[in-house]
Amino acid sequence: MILSVILAAGEGTRMKSNIPKAAHKVCGKSMVNHVINAARDASCEKNIVIVGHGKEKVISSVEGNDVEFVTQPVGDDMPYGTGYAVMQAKEYISDEDKVLILTGDTPLIEGDTLKELVDYGTNNNLDAIVLTAKFKDSTGYGRIKRNEKGNILGIIEHKDASENELDIKEINSGIFLFSGKALKEALENLTNDNSQNEYYITDTIEILNRKGYNVGGYLLKDNKEISGVNSKVQLAEAEKIMRDKINIEHMLKGVTLINPENTYIEKGVIIGRDTIIYPGAIIKGSTKIGDNCIIEGNSDIKDCIIGDRVNIKSSTLIESKVDDDTKVGPNAYLRPNSVIGKSVKIGDFVEVKNSKIGNGSKASHLSYIGDAEIGENVNIGCGVVFVNYDGEKKHRTIVGDNAFIGSNSNLVAPVIIRDNGYIAAGSTITHEVKEGDLSIGRARQINKPGWVFRKNNK
Ligand code: UD1
Ligand code: CA
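Values in this document were obtained by computation on a predicted structure and should not be read as measured data.

1. Re the pattern of salt bridges
Part 1: On inspection of all chains with the given rule, the structure shows 22 salt bridges.
Part 2: Here E261 and K240 are joined by a salt bridge, their closest N and O atoms 3.4 Å apart. Here E261 is found in the loop between β12 (256-257) and β13 (264-265), whereas its partner K240 is found in helix α8 (residues 232-252), with 21 residues between them in sequence.
Part 3: Its relative accessible area of 44% is what places E261 among the partly exposed residues.

2. Details of the site of ligand 1
Part 1: As a structural note, the neighbourhood of ligand 1 is formed by 23 residues, with G10, Q72, T82, E157 and N172 the closest of them.
Part 2: One of the backbone N or O atoms of A9 is found 2.8 Å from an oxygen atom in ligand 1.
Part 3: Within the residue set of the shell around ligand 1, elements represented by two or more residues are β1 (2-8), α3 (82-87) and β10 (170-179).
Part 4: Of the residues belonging to the shell around ligand 1, the class tally is 8 nonpolar, 11 polar and 4 charged.

3. Concerning the coordination of the calcium ion (ligand 2)
Part 1: Around the calcium ion (ligand 2), the donor atoms from the protein are D105 (OD) and N230 (OD1), and they sit 2.5 to 2.8 Å away. Here D105 is found in the loop between β6 (98-103) and α4 (111-123), whereas its partner N230 is found in the loop between β11 (215-219) and α8, with 125 residues between them in sequence. By the burial criterion, D105 is buried, and N230 matches it.

4. Notes on the sheet that holds strand β36 (residues 415-417)
Each strand in a sheet pairs with another by means of backbone hydrogen bonds, the pair being arranged parallel or else antiparallel.
Part 1: Strand order in the open sheet made by the 9 strands is β14-β17-β20-β23-β26-β28-β30-β33-β36, with parallel pairing throughout. Every other strand in the sheet has two partners, leaving β14 (270-271) and β36 as the edge strands with one partner each.
Part 2: Here strand β26 (residues 339-340) runs beside strand β28 (residues 356-357); their pairing, made up of 2 bridges, is parallel. Of the residues in β28, the one forming a bridge with V339 is K356.

5. Focus on the pairing of strand β29 (residues 362-370)
Part 1: Summarising the sheet, strand β27 (residues 345-353) and β29 pair through 7 bridges and their orientation is parallel. Along β29, the bridge assignment pairs I346 with A363.
Part 2: Of the strand pairs in this sheet, β29 and strand β31 (residues 379-380) are connected by 2 bridges, and their pairing is parallel. If you follow K362 over to β31, its bridge partner there is N379.

6. Concerning the packing of helix α1 (residues 31-41) against α4
Between two packed helices, the angle of one axis relative to the other and the distance separating the axes together describe the packing.
Part 1: Taken N-terminus to C-terminus, the directions of α1 and α4 make an angle of 50°; their axes are 7 Å apart at the nearest point. Judged by the inter-axis angle, α1 sits oblique to α4. Crossing geometry of α1 relative to α4 is assigned as right-handed. Side by side, α1 and α4 meet where A38, A39 and D41 of the first sit next to G111, L114 and K115 of the second.
Part 2: Taken together, the residues that form the contact of α1 with α4 break down as 3 nonpolar, 1 polar and 2 charged.

7. Things to note about the side chain of S338
Part 1: Its location among the elements puts S338 in the loop between β25 (333-334) and β26.
Part 2: There is a polar contact of 2.8 Å between the side chain of S338 and the backbone oxygen of R335.
Part 3: Setting aside residues up to four positions removed in sequence, S338 forms contacts with E319, S320, K321, V352, K353, N354 and S355.

8. Here we look at the environment of N377
Part 1: You can see N377 is positioned in the loop between β30 (372-374) and β31.
Part 2: N377 gets classed as partly exposed once you look at its relative accessible area, which sits at 44%.
Part 3: Those residues within four positions of N377 in sequence are excluded, and the remaining contacts are N359, G360, S361, N402 and A403.

9. Some thoughts on the domain arrangement of the chain
Part 1: For the chain, the assigned domains are domain 1 (2-226) and domain 2 (232-439).
Part 2: On a C-alpha basis, the centres of domain 1 and domain 2 stand 45 Å from each other.
Part 3: Across the contact, 16 residues belong to domain 1 and 11 residues belong to domain 2.
Part 4: Across the domain 1 to domain 2 interface the summed buried area is about 1200 Å²; carbon plus sulfur atoms make up 64%.
Part 5: Three residues, M15, C27 and L108, lead the burial of domain 1 against domain 2; their summed loss comes to 43% of the area buried on that side.
Part 6: Linking domain 1 with domain 2 are 1 salt bridge.
Part 7: Two residues, K245 and E110, come together in a salt bridge whose shortest N-O distance is 2.8 Å.
Part 8: Taken together, the connections running from domain 1 to domain 2 amount to 2 residue pairs in polar contact (both at pLDDT 80 or more).

Rules and cut-offs
- Residues numbered from 1 in each chain as written.
- Chains lettered and ligands numbered in written order.
- Predicted model: local features only at pLDDT ≥ 70, side-chain atom pairs only at ≥ 80, totals over all residues.
- Heavy atoms only, no water.
- Salt bridge = Lys/Arg side-chain N within 4 Å of Asp/Glu carboxyl O.
- Helix = DSSP H or I, 4+ residues; strand = E, 2+ residues; numbered from the N terminus.
- Buried < 20%, exposed > 50% of the residue type's maximum accessible area, 1.4 Å probe, protein only.
- Near = heavy atom within 4 Å.
- Polar contact = N/O pair within 3.5 Å; in protein donor to acceptor, adjacent residues only side chain to side chain.
- Nonpolar A, V, L, I, M, F, W, Y, C, P; charged D, E, K, R; others polar.
- Donors = N, O, S within 2.8 Å, 3.2 Å for Na, K, Ca; no water.
- Pairing = 2+ DSSP bridges.
- Axes fitted to C-alpha atoms, helices over the stretch in contact; angles between N-to-C directions.
- Parallel < 35°, antiparallel > 145°, perpendicular 65-115°, else oblique.
- Left-handed = near helix turned anticlockwise from the far one by under 90°.
- Contact = heavy atoms within 4.5 Å.
- Domains from an automatic or database assignment.
- Buried area = accessible area lost by both parts, 1.4 Å probe.

Laid out in structure tokens, this is it:
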């Protein structure tokens, strides 16, 4: 079996943050989550994540249930280091396994690259391979030591390197593939005899060489994939690289991005052909957008399902559904569980929550629609409020097909407006409106002729 051990127990001191490093997000998902996804793409059947510092935050940042969390004890007196972290997973590894070692701070690694690494190891019968890269500036990384024949001898950490070794441009990505047997044997032999008093996973390469195992290196094609994130500066760099990749993928599939630099689409979002996305859009989570839509302005869309030919302008949509040919915005707010039908208009400053709105209905301006079920071709006038909360409980309002709700009306829930019900502007409705009835629920206007003149002549 191929399994992954993903190291995410470190604090990430250089992040200067109260959030553990691996839980920091890149394009909407935690870094460790991206690494787990890459491992899944590379057919890892089991993923073991080593957690320690801030482990609750790391665990809660992970999606899916094919992940096993193993705690590395952390504290001032505890041993430390990438080698020590891997030791925690020992009992999960059997000799026949292939073990990918990954780090929680390289969110850009691709599943395809990990697959290549596994294939290379299998084809060359290697017991251990390190994924390497050539960097112009190798500062901070472990350096790959090779002999004249080009065979890998070992890895030397930056802090332990001599001046000559510091000149080496080939670096350790932190990603390895081991046979279970070789890895377990090497771990037994690790010491913390180095400048940082840490157990380094990198030392396993030299140990296995000495013991006569087949050890190799695999040079990465795209260096960006292993850019490690150790600071907020590198976090922003990783975000940019991933954002570009995501946006290019959408454009290649036929989505028009007016200015990809300023379009924020999280991994996993699906967008149809010829949909046009203007700058400033933020599209998140499991959102799915159909064909020929137009998304304009600073629209923020999270976990929504949007049909075809929908136009959304400067609006916020959360966990909602919007069907074909509907217009939303500008400045509308769809809160969770809003289900909007076809050819509906949700206009400016309209807020909808936990409500269903039927095909062809319109709420063009300044309304609050909460906990309602609205039929087809209903007209909701300007300023209508669905009064859904009595201070203790929420109640539902039902509005039938073709109803007309005059401007500035209050529908005090629980209440039903039957089909073709017609409500006069400014009404406060507390009782059922029967099918086809006109309902007026407001004080009658009284006119007092000449009242102002009398007042002024006093
Ligand atoms: C490590 C490598 C270095 C490589 C670089 C690539 C070692 C000793 N060094 O250095 O050769 O070039 O990655 O990015 O392996 N972690 C734990 N438990 C620990 C210590 C670390 O889980 O006790 C985790 C961290 O959370 C992190 C990962 O291991 O996700 C790497 O640790 P980090 O301190 O970032 O290692 P580097 O100094 O970057
Ligand atoms: Ca690192």
